[in-house]
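# Analysis of the macromolecular model
Given next are the chains, with one letter for each unit.
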Amino acid sequence: MRRYIAAVALSLVMLSFACTQQRGKVLMLVNEAKSEDLELMLTKEVGVMKDLLQKAGFEVVVATASMQPLAAGSAKLKPDLKFSDVKVADYKGVIMPCMATSANSLPPEGSAIIKEAVAKKKPLAAQTGSVMLLAQAGVLTGKKYALAKGWPAIEGAIYSGDGIVQDGKIITSGICPYMAKTQGMTDGTAKLTEALIAELKK
């Protein structure tokens, strides 16, 4: 009987693992530019995004330009691969945390990933600073987007508030944890990730 119970338990664990794997992988593109509060963003933004996606059954793969570890205080993030090694076809979707960076720019290979993901109609979620990265990649033309008040308008795109805004497969949020902390706004990290998960499951 004990062997039978152990076998059943093992089967359930393996089934759970298999179900998790079946959901597929989500690519997290992380900007390595200097952050205004790296520990906060690694904990309250990257950590929350990863946790929600993993609980929903998705494997999160983190990519940066250099693949160097990011660390601040007790928070650490070890990237899995470089932008140059990303194969967009391997992923169900893409998520881009804000990271509270003071310099909103990506190397060409980062922008190329964004363009390819949109061209292949992959669900893509971006928050605050990373919404500007979408604009720089040229994928927001004619699209509705979210951004906190006070940020510059994106030429050719349609500003639609600072909450969660979805236009097709592109989902944006205007309020990251840093904006929430410094300006008393409502952090959109969880809702943005949940909106992406809903799109990934369609």
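Residues numbered from 1 in each chain as written. Predicted model: local features only at pLDDT ≥ 70, side-chain atom pairs only at ≥ 80, totals over all residues. Heavy atoms only, no water.

## With respect to the sheet that holds strand E2 (residues 59–64)
The following threshold applies: Strands pair, by our definition, only if DSSP identifies at least two bridges between them. A run of H or I in DSSP becomes a helix once it reaches four residues, and a run of E becomes a strand once it reaches two; helices and strands are each numbered from the N terminus. Throughout, a residue-residue contact means that at least one pair of heavy atoms, one from each residue, lies within 4.5 Å. Lines are fitted to the C-alpha atoms to define the axes, a helix being fitted only along its stretch in contact, and any angle between axes, read from their N-to-C directions, falls within 0 to 180 degrees.
Taken in spatial order, the seven strands line up as E5-E2-E1-E6-E7-E11-E10 in an open sheet, and their pairing is mixed. Each of the sheet's edge strands pairs with one partner strand only, and the pair in question is strand E5 (81–82) and strand E10 (164–167). Sitting on the sheet, helix H3 (residues 108–119) touches strand E1 (25–29), strand E6 (93–96), strand E7 (124–127) and strand E11 (170–173), and the angle it makes with E1 is about 140 degrees.

## Regarding the pattern of salt bridges
As a working rule, side chains carrying opposite charge can pair if their charged atoms are close by. Selection criterion: Within this document, salt bridges are pairs made up of a side-chain nitrogen of Lys or Arg and a carboxyl oxygen of Asp or Glu, the two lying within 4 Å of each other. Exposure is judged per residue with a 1.4 Å probe applied to protein chains only, and the accessible area is read against the type maximum: over 50% gives exposed, under 20% gives buried, and values in between give partly exposed.
Applying the stated rule across the entire model yields seven salt bridges. A salt bridge links Lys-120 to Glu-116; the shortest N-O distance between them is 2.7 Å. Given the relative accessible area of 32%, Glu-116 is considered partly exposed. Put simply, Lys-143 and Asp-167 hold a salt bridge, and the shortest N to O gap is 3.8 Å. With a gap of 24 residues between them, Lys-143 in the loop between helix H4 (129–137) and strand E8 (144–145) and Asp-167 in strand E10 connect regions that are remote in the sequence. In this structure Lys-143 comes out as partly exposed when scored by relative accessible area, which is 26%. Of the residues examined, Asp-167 reaches a relative accessible area of 18% and is grouped as buried. Put simply, Lys-169, Glu-199 and Lys-202 are held in one network by salt bridges that share partners.

## As for the packing of aromatic side chains
Quick note on the threshold: Put simply, two rings from Phe, Tyr or Trp (the six-membered ring, in Trp's case) pair if the centres are within 6.5 Å, and we call them stacked under 30 degrees between planes, edge-to-face over 60, tilted for the rest. Charge-over-ring placement is defined geometrically: NZ (Lys) or CZ (Arg) within 6 Å of the ring centre, and within 35 degrees of the ring normal.
The final tally for this structure, using the stated rule, is one aromatic pair. Here Lys-25 stacks its cationic end above the ring of Tyr-91, 5.2 Å away from the centre of that ring.

## Considering the side chain of Asp-37
The line we're drawing: Counting of polar contacts relies on pairs of N or O atoms within 3.5 Å, with two restrictions inside protein: one atom must be capable of donating a hydrogen and the other of accepting it, and residues adjacent in sequence are counted only when both atoms are side-chain atoms.
Of note, Asp-37 is situated in the loop between E1 and helix H2 (38–55). Polar side-chain contacts of Asp-37 include one of 3.1 Å to the backbone nitrogen of Leu-40. Within the structure, Asp-37 has its side chain in polar contact with the side chain of Lys-181 (distance 3.2 Å). The residues touching Asp-37, leaving out its near neighbours within four places in the chain, are Ala-100, Tyr-178 and Lys-181.

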